[in-house]
Protein chains: 4
Amino acid sequence: MKNTFGNSVAITLFGESHGNAIGAVLDGMPAGIPVDEDFIARQMSLRKSVGAISTARKEADEVKIVSGVFNGKTTGTPITFIIENQDTRSRDYGELAYKARPGHADFTANVKYGGSQDFRGGGHFSGRITAGIVAAGAVAISALKAHGITIGTHILSCGGVYDREFQDIQADIGFLDGREFAVLDTSAEEKMKEAIMAAKADGDSVGGILETAVFGMPAGVGEPWFDTIESVLSHALFSIPAVKGVEFGAGFKFAEMRGSQANDPFRSIDNKVTTSTNNCGGILGGITNGMPVTFRCAVKPTPSIYKEQQTVDLTNRKNTTLQIQGRHDPAIVHRARVVVDSITALTLLDQLVLRYGNINN
Amino acid sequence: MKNTFGNSVAITLFGESHGNAIGAVLDGMPAGIPVDEDFIARQMSLRKSVGAISTARKEADEVKIVSGVFNGKTTGTPITFIIENQDTRSRDYGELAYKARPGHADFTANVKYGGSQDFRGGGHFSGRITAGIVAAGAVAISALKAHGITIGTHILSCGGVYDREFQDIQADIGFLDGREFAVLDTSAEEKMKEAIMAAKADGDSVGGILETAVFGMPAGVGEPWFDTIESVLSHALFSIPAVKGVEFGAGFKFAEMRGSQANDPFRSIDNKVTTSTNNCGGILGGITNGMPVTFRCAVKPTPSIYKEQQTVDLTNRKNTTLQIQGRHDPAIVHRARVVVDSITALTLLDQLVLRYGNINN
Amino acid sequence: MKNTFGNSVAITLFGESHGNAIGAVLDGMPAGIPVDEDFIARQMSLRKSVGAISTARKEADEVKIVSGVFNGKTTGTPITFIIENQDTRSRDYGELAYKARPGHADFTANVKYGGSQDFRGGGHFSGRITAGIVAAGAVAISALKAHGITIGTHILSCGGVYDREFQDIQADIGFLDGREFAVLDTSAEEKMKEAIMAAKADGDSVGGILETAVFGMPAGVGEPWFDTIESVLSHALFSIPAVKGVEFGAGFKFAEMRGSQANDPFRSIDNKVTTSTNNCGGILGGITNGMPVTFRCAVKPTPSIYKEQQTVDLTNRKNTTLQIQGRHDPAIVHRARVVVDSITALTLLDQLVLRYGNINN
Amino acid sequence: MKNTFGNSVAITLFGESHGNAIGAVLDGMPAGIPVDEDFIARQMSLRKSVGAISTARKEADEVKIVSGVFNGKTTGTPITFIIENQDTRSRDYGELAYKARPGHADFTANVKYGGSQDFRGGGHFSGRITAGIVAAGAVAISALKAHGITIGTHILSCGGVYDREFQDIQADIGFLDGREFAVLDTSAEEKMKEAIMAAKADGDSVGGILETAVFGMPAGVGEPWFDTIESVLSHALFSIPAVKGVEFGAGFKFAEMRGSQANDPFRSIDNKVTTSTNNCGGILGGITNGMPVTFRCAVKPTPSIYKEQQTVDLTNRKNTTLQIQGRHDPAIVHRARVVVDSITALTLLDQLVLRYGNINN
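Everything numeric in this text was worked out from a predicted model, so none of it was measured. (Residues numbered from 1 in each chain as written. Chains lettered and ligands numbered in written order. Predicted model: local features only at pLDDT ≥ 70, side-chain atom pairs only at ≥ 80, totals over all residues. Heavy atoms only, no water.)

Q: An account of the overall build of chain A is needed here, citing residue identities and associated values.
A: Across its full length, chain A holds 8 helices and 18 strands. For 361 residues, the compact-globule estimate of 2.2 N^0.38 gives 21 Å, and chain A sits close to it at 21 Å. Considered along the principal axes of its C-alpha atoms, chain A spans approximately 70 × 50 × 35 Å. Within chain A, counting contacts between residues at least 6 apart in sequence, those at least 24 apart form 71% of the total. Only carbon and sulfur atoms are counted for the fraction: they give 48% of the accessible area of chain A, which is about 10700 Å². (Helix = DSSP H or I, 4+ residues; strand = E, 2+ residues; numbered from the N terminus. Rg over C-alpha atoms; globule rule 2.2 N^0.38 Å. Contact = heavy atoms within 4.5 Å. Areas by Shrake-Rupley, 256 points an atom, 1.4 Å probe, with all protein chains shown as cover.)

Shown next as structure tokens:
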């Protein structure tokens, strides 16, 4: 469905980096949920470029809600979020009309849309478009919170520097809530920022890994065969630009385990079925088992670097070189983190509504 | 959509491990494509349990096509594949009606279906259900081959033993075609089998990694934002039981790269735009770039092991132990490989039909 | 989605008139619902050709369930219904490989599938394929009945003879339940059959109107804008071959009404909001209002008549004539009635599950 | 999918009658199609209230496109249309917060959304929301026109006054193009307006029938079983408020025909297969046959009348009466006509893209 994702709760994304506005339509939200514009603004701020480690393009990212909210609550009908583009400098992009940036969607969009795409700043394929996901996701996060479900993502690694892994998931999620630079071991923050600045100094960029945990998901949610929780979450996560790997629970580490290590023993605690380890990341047979849902996303380094690169002139298919101008991020892993939280919330809320219905909607 | 996957070309999967029959309906196939029943049988044989490294349950896995094929060709209407279950020994599963096997869907299916699920042999969540994917996938593989698109998957690792990576992708895919045990470095086969047998001797099981390459995909295919090639492929791949991680191109290795290493330089060769490396795995901005599509799947060890395990008696929620009976695989990575090829073919064919239409359908 | 219909509860239809078997996969059924094979057989018998007013082709229409039912109850996973074709005489159809029957899908299927379609007996476009809808619909009807929702369809007109309209809807639905020839005024039966026989004697056929009522639907069901109850029901009903018109409540009669006549006054009875008339057919703004849902379907005369007809030879695009052989129905309105009941049940059950969820599934 | 409709080309609708703005997102449009803002404005003007026969609420209905158009052409990515609400007088609606207007969605929306819906002016269920369909539909109409496909709708009846039926469909569609009051027999216009004014004088309203023809659709389009052309068009048409009946070709008249009258004889003209009559409305077996697609929609009288009506006070479930204030249309059939054209264009364009693909998208 191209720019729409979800079944019972669905997001439709629109906009281009240098167009009038970007935004999203969020359909199927249960009715009567309080919409906290301050919380939306807080979430938007976590995605904003801040300081020297991010792009110099500064957008206010004010979210205007034009439908679906009445008397401060969701109406159950589509909620439309509009975010105007303000700080655009399209002149920086003249050459990019025909010189594809390596690692970017410039070439593939050119083929797909026959050259009609808005190429300025990556157009519809810019990371800027994720702002609509964050705005819509904020409402989903609120809805989940009201049912005791919380989500937290931290920067497990960035530029080769590692944070500690999740320990006490509920507490760690609380710790991460609202932090601008999301690490669990605060001593990692400075080192990661140094790694980013070092790359920036070289006209280069760094990648990283984001690790996410969801606390409070009830058991029994997921729609196998084809809408397993892993399937729908990975579908959503891989739509975030730069995400190139997704693993759940022990993920690729399972490859070297034996079944006796990998299997999470079931234990009854207070008459509730739990597992004493959580290698499966809270998902068995594609269905939640009541334990925290955990996963990691590999984020590739920002492709917009300032070093001279080899490319092809699409007008004549001749080899040439490219020196990117414009304003770019030397790392996006710290900004992508709230996008991961947001799309996770939208995806899980959809699954919950599929299972439990939406009697007030 | 639960047990249906795909838009223009869609598969619907049905059946239980110990029911009458399992199978699939494949809808939206272009009309007029030759259906080669020998090739279907060949593909089914690659999924079969063979020798000591697989389960002792031996199924003929004869595929009966009851609709959608006329005069040896697809009609354009739904193709239904029926595979009868023959070698079932349901008596082995009595205890599993209430004792959830660690690492399996027993507990989560019990919660989701309120105890009404067919628990025998894992029921609808058995790996056996992938036989329907293989049958339908064989037709999709044939359709792709006719357009010069070939797919190959090898066992990159199994029980800690590693195969070499892809080198000459087109040739390597050709080498893998029809091989019973899919490794590129044939010296790895014996070592992997030894690792499997060693685990089996311990009543245990091993996991592994499957690596896949698709040759010949044209540039410009994919439906971002939400139906990126990574999104739809991962959606499909994570529906295969035991897959817990999916990465494209350099995947998790991107985390420690810099942009200047990660970006694939564009080069014009014979007036065709190519890249001199393929870290992106043939996908930029969620759209194919004409280079081989490459990805890896992490496969967890088979959860059915013979060691005594801790579990919960679901009838009284008390802790207990479980000694699994029945016939099980000490590894499934070698059998899962053709399932990966098959679901990949179905997913990419769907994307191609979305883009190029289906004039004879 | 071609041959799949529904969101949370979905049917996938397959088969050809003269193939091995026809059938359906019903996915998303709530788990734990008793499956009454006698009731399925009863429903199948209502669709069967009976006596001189129907085709001479006699099919046993035995329904074999190969998945999704365990211990007599739905498991929550896909239920597959297989119905073998037995009484096929494909030799009657030789000429139809290239001479399109007027009023049939022969020509349009030929264009759509490029000549690869199974043309025997209309192939996938035969009315016979509705048998799969009836089998799956029987399970949906049972599920609705368990919640007090009943459905009845009667032959409002056939060959120019009219039945009385619905009066006491709940009682009328009860009266229709299981009747072979569904009229409310039993004196209309003989006259309708005479009209059918008169047409048959002329080598001709007759059309009619089916009127349906659903009792017990709760208020608040429907998913506007685009999945209004009228939208989803008409979508389903127009997939039944020969249905060419659908109207809800007063339908086309609204055209000559004034608002003051058309509007149904709201009245509170026993603290429940009702309406004193039901011109809207139980649907306001695309959402059920708690009154009976009522609609009518126009059914065109069976196109297979024995009179000589003008057609085109598709092999050379020259004008020619056609004298249809084979065995055909002089009317199908009486057989289509149970198909309408069945698809209505499937559609409304889907809407109910969307709204109320599926906690045991 | 609630407020999203379409597969390859899809519209998402949002907004409330008295909110900030209404609009639509149109996704999947082929890239490179010229977007003519004057034509969009022209189409919007056909939906506007004009003169004494329409509501006194006057909206500029200026369409602002905020994404998906670049250099005057579609980019292939989502096109977002925003239409601000300006002439709102919400004070007129105070009583409607708890008194449901007969014939309106007030009561059913209240049940569905648990009282959280925006009730002002019908909120999301107002006919005003169709403005988004008209804006998006204008782009679809342009795309179809470029391929020789034209659509025209006329007021077949209004307040008991009848227009003539279609004769020369291509010429008649041309005649209707851009006409403010769409009748083929211009002498009917005055009589219809008199009927509307007579109802208005009584504080009442009138209904009518819209008849539509589509010229130039190629044969072979449609996705049976479940996405027949009748299914997808009726699905779309029944989402227009007030549409309560849809019939294709001879529609309900089929009920009294015999097969020999109903069947359209095939004739070869200039080597092209045509039919000498068009009772089937250009659709056989749910697939276009190359003849004009024809259908009629029954439109119920506007429910907002000024006569006192019986209703229920939803706060205490007691019977009461209601005297509607506000500004309302005594007829909407003349304004609904361009909505029918628009949704028809969107629906057929989707089907064409499904069949022929979207190589530049």
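Q: Which residues make up the relation of the copies chain C and chain B, and what values do they have?
A: For the pair chain C and chain B, the superposition axis carries a translation of 0.0 Å, the fit reaches an RMSD of 0.0 Å, and the rotation angle comes to 180°. Here the symmetry operator amounts to a two-fold rotation axis. Minimal C-alpha separation from the rotation axis in chain C is found for Thr12 of chain C, amounting to 3.9 Å. Of the interface residues in chain C, 100% have counterparts in chain B that sit at the interface too, so the contact is made through matching surfaces. (Least-squares fit on C-alpha atoms with pLDDT ≥ 70 in both.)

Q: Describe in detail the pattern of salt bridges, supporting the description with residues and values.
A: Inspection of the entire model under this criterion finds 61 salt bridges over all chains. Ionic pairing is found between Arg335 of chain D and Asp329 of chain D, a salt bridge with its closest N-O pair at 3.0 Å. Residue Asp329 of chain D is classed as buried on the basis of its relative accessible area, which comes to 10%. Several salt bridges converge on common partners, so that one network encompasses Arg47, Glu59, Asp61 and Arg128 of chain A. (Salt bridge = Lys/Arg side-chain N within 4 Å of Asp/Glu carboxyl O. Buried < 20%, exposed > 50% of the residue type's maximum accessible area, 1.4 Å probe, protein only.)

Q: So what's going on with the interface of chain C and chain B? Which residues, and what values?
A: Each partner contributes to the interface: chain C provides 45 residues, whereas chain B provides 45 residues. Across the chain C to chain B interface the summed buried area is about 3400 Å²; carbon plus sulfur atoms make up 58%. Connecting chain C to chain B are 0 salt bridges. Here chain C and chain B share 12 residue pairs in polar contact (both at pLDDT 80 or more) between them. Listed by contribution, the elements that provide at least two residues to the side of chain C that touches chain B are strand E2 (10-15), strand E3 (21-27), strand E4 (63-67), strand E7 (79-84) and helix H2 (106-112) of chain C. Tallying contributions element by element places E2 of chain C first for the side of chain C that touches chain B, with 5 residues. The class makeup of the residues in the side of chain C that touches chain B is 16 nonpolar, 23 polar and 6 charged. (Buried area = accessible area lost by both parts, 1.4 Å probe. Polar contact = N/O pair within 3.5 Å; in protein donor to acceptor, adjacent residues only side chain to side chain. Nonpolar A, V, L, I, M, F, W, Y, C, P; charged D, E, K, R; others polar.)

Q: Account for the side chain of Glu189 of chain A, with residues named and values stated.
A: Residue and element names in this part refer to chain A. As for its position among the elements, Glu189 is in helix H5 (residues 187-201). The exposure class assigned to Glu189 is buried, which follows from its relative accessible area of 18%. Residues within four places of Glu189 in sequence aside, it is in contact with Arg179, Phe181 and Val183.

Q: Describe the state of the cysteines, and please don't skip the residues or the numbers.
A: Summed over the entire model, instances satisfying the criterion amount to 0 disulfides over all chains. Looking at the unpaired Cys158 of chain A, the closest cysteine sulfur is the one in Cys297 of chain A, lying at 15 Å. (Disulfide = S-S within 2.5 Å.)

Q: Go over helix H8 (residues 333-356) of chain A, please, and point to the residues and values.
A: All names here are of chain A. Given a rise of 1.5 Å per residue, 24 residues ought to cover 34 Å, and the 34 Å separating the end C-alpha atoms of H8 matches this to within 8%. Most of H8 sits out of view: 23 of its 24 residues are buried. At the C-terminal side of H8, Gly357 shows a positive phi close to 80°. (Expected span 1.5 Å × (residues − 1).)

Q: So what about the relation of the copies chain A and chain B? Which residues, and what values?
A: Between chain A and chain B, the superposition needs a rotation of 180° and an axial shift of 0.0 Å, giving an RMSD of 0.0 Å. A shared binding surface is used by both copies, with 100% of the interface residues of chain A retained as interface residues in chain B.

Q: Help me get a handle on the interface of chain A and chain B, residues and values and all.
A: Listed per partner, the contact involves 108 residues of chain A and 108 residues of chain B. Between chain A and chain B, the buried area comes to about 8600 Å², and carbon and sulfur atoms account for 59% of it. Taken as a group, Trp225, Phe226 and Lys244 of chain A account for 12% of the area that chain A buries against chain B, more than any other trio of residues on that side. On the surface where chain A and chain B come into contact, there are 8 salt bridges. Across the pair Lys112 of chain B and Glu223 of chain A runs a salt bridge, and its minimum N-O distance is 3.4 Å. One can count 61 residue pairs in polar contact (both at pLDDT 80 or more) joining chain A with chain B. Pairing of strand E11 (residues 243-248) of chain A with strand E11 (residues 243-248) of chain B involves 3 bridges; the strand directions are antiparallel. Across the sheet, Glu247 of chain A pairs through a bridge with Gly245 of chain B, a residue of E11 of chain B. (Pairing = 2+ DSSP bridges.)

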